[in-house]
Amino acid sequence: RVVQPQEAAELLQAPGWRHLDVRPAYERERAHVEGSLHVPLFVEDESSDPVSLVKKAVTFGYGGWWMGNKLTRRNNQFMEQAAEALGRNGGKGANEGVVVACGEGLRSLLAAEALYVSGGFGEVAWLPQGYNGDRGDALPSSTDTAVKDAGSGA
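All chains use their own residue numbering, which begins from 1 and follows the written sequence. Residues qualify for local features only when their pLDDT is at least 70, as the model is predicted, and side-chain atom pairs are given and counted only at 80 or more; totals for whole chains, interfaces and linings, by contrast, use all residues. For the side-chain quantities, the full set of heavy atoms in the structure was used; hydrogens and water were omitted.

**Q** Whenever I open this one, the overall build of the protein confuses me. Can you help?
**A** Regarding its fold elements, the protein presents 5 helices and 6 strands. Helix and strand definitions here come from DSSP, where helices need a minimum of 4 consecutive H or I residues and strands a minimum of 2 consecutive E residues; each element is numbered from the N-terminal end. Ordered by position from N to C terminus, the α and β elements of the protein give α-β-α-β-β-α-β-α-β-α-β. Exposure is judged per residue with a 1.4 Å probe applied to protein chains only, and the accessible area is read against the type maximum: over 50% gives exposed, under 20% gives buried, and values in between give partly exposed. Counting only residues that meet the buried cut, the protein has 42% of its 154 residues in that class. The contact rule is simple, with two residues in contact once any of their heavy atoms fall within 4.5 Å. Relative to all contacts within the protein whose residues are 6 or more apart in sequence, the contacts with residues 24 or more apart total 69%. Shrake-Rupley sampling with a 1.4 Å probe provides the accessible areas, and residues are treated as covered by the protein chains on show and by no other component. As displayed, the protein offers around 8,300 Å² of accessible surface, 51% of which is attributable to carbon and sulfur atoms.

**Q** Sorry if this is basic, but what is going on with the nonpolar core here?
**A** Note that soluble globular proteins tend to have their nonpolar side chains buried in a common cluster. Only buried residues count toward a nonpolar core. Its members are Ala, Val, Leu, Ile, Met, Phe, Trp, Tyr and Cys residues joined through side-chain atoms within 4.5 Å. If you look at the biggest cluster of nonpolar residues, it comprises 17 residues, and the most contacted ones within it are Leu20, Val22, Phe78, Val98, Val100, Leu115 and Val124. Broken down by secondary-structure element, the contributors of at least two residues to this core are helix H4 (78-85), strand S5 (97-101), helix H5 (106-117) and strand S6 (123-126). For this core, the element with the most residues is H5, which contributes 3 residues. In this view, Val98 contacts Trp17, Arg18, Leu20, Leu86, Leu115, Phe121, Glu123, Val124 and Ala125; residues no more than four positions away in its chain are not counted.

**Q** Just to check I follow, could you spell out the packing of H4 against H5 for this structure?
**A** The axes of two packed helices give the description: the angle between them and the distance between them. Two elements in contact, H4 and H5, have axes separated by 11 Å at closest approach and are oriented at 75°. In terms of orientation, H4 and H5 fall into the roughly perpendicular class. Between H4, through Phe78, Met79 and Ala82, and H5, the contact on the second element is made entirely by Ala111, Ala114 and Leu115. Split by residue class, the contact of H4 with H5 holds 6 nonpolar, no polar and no charged. Geometry is summarised by axes, namely lines fitted to C-alpha atoms with helices restricted to the contacting stretch, and by angles between N-to-C directions that run from 0 to 180 degrees. Here the angle decides the label: under 35 degrees means roughly parallel, over 145 means roughly antiparallel, 65 to 115 means roughly perpendicular, and every other value means oblique. All amino acids are sorted into three groups, where Ala, Val, Leu, Ile, Met, Phe, Trp, Tyr, Cys and Pro are nonpolar, Asp, Glu, Lys and Arg are charged, and the leftover types, Gly among them, are polar.

**Q** Whenever I open this one, the pattern of salt bridges confuses me. Can you help?
**A** Oppositely charged side chains are able to pair whenever their charged atoms sit close together. A side-chain nitrogen of Lys or Arg and a carboxyl oxygen of Asp or Glu constitute a salt bridge if their distance falls within 4 Å. As enumerated under the stated definition, the model contains 6 salt bridges in all. Here Arg1 ties to Glu123 by a salt bridge, and the two come within 3.5 Å at their closest N and O atoms. Taken together, the residues Arg1 in the segment before helix H1 (5-11) and Glu123 in strand S6 connect sequence positions 122 residues apart. The class for Arg1 is partly exposed, based on a relative accessible area of 47%. Put simply, Arg28 and Asp21 hold a salt bridge, and the shortest N to O gap is 3.3 Å. The same class applies to Arg28 and to Asp21, which are both buried.

Honestly, it's all geometry; don't read function into it.
Written out as structure tokens, the structure is:
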């Protein structure tokens, strides 16, 4: 289900709803929503093979140097880590809800689909514009940096 930031904030006040931040750790470290859980859908690629080194150079050259972006790869343990973080074990608690978000909404769409289709999560809400769409700061930041600015290099 698609929700906007204000509706997400209201859902998170309701019993049984949790917030899952699926951004890479380097974005979450800059700012995150108070009380959110963290399981990255993509993790930093630590590979040092020639192809990965070229990808890292391209990432650096296309904004990584000033935005702090890093080369990432899909987290192969995302479903297991999400189930553990959200307290899911063998489908128990599937009627509880989870609001899934990232910076711009694309990663969280993939995560929301996986949680709903493969993870047995009964209620999955997704922020289509990610934290960047939270213009009114409905989702409070854990730091002085607004969550919507955590991925911008601001």
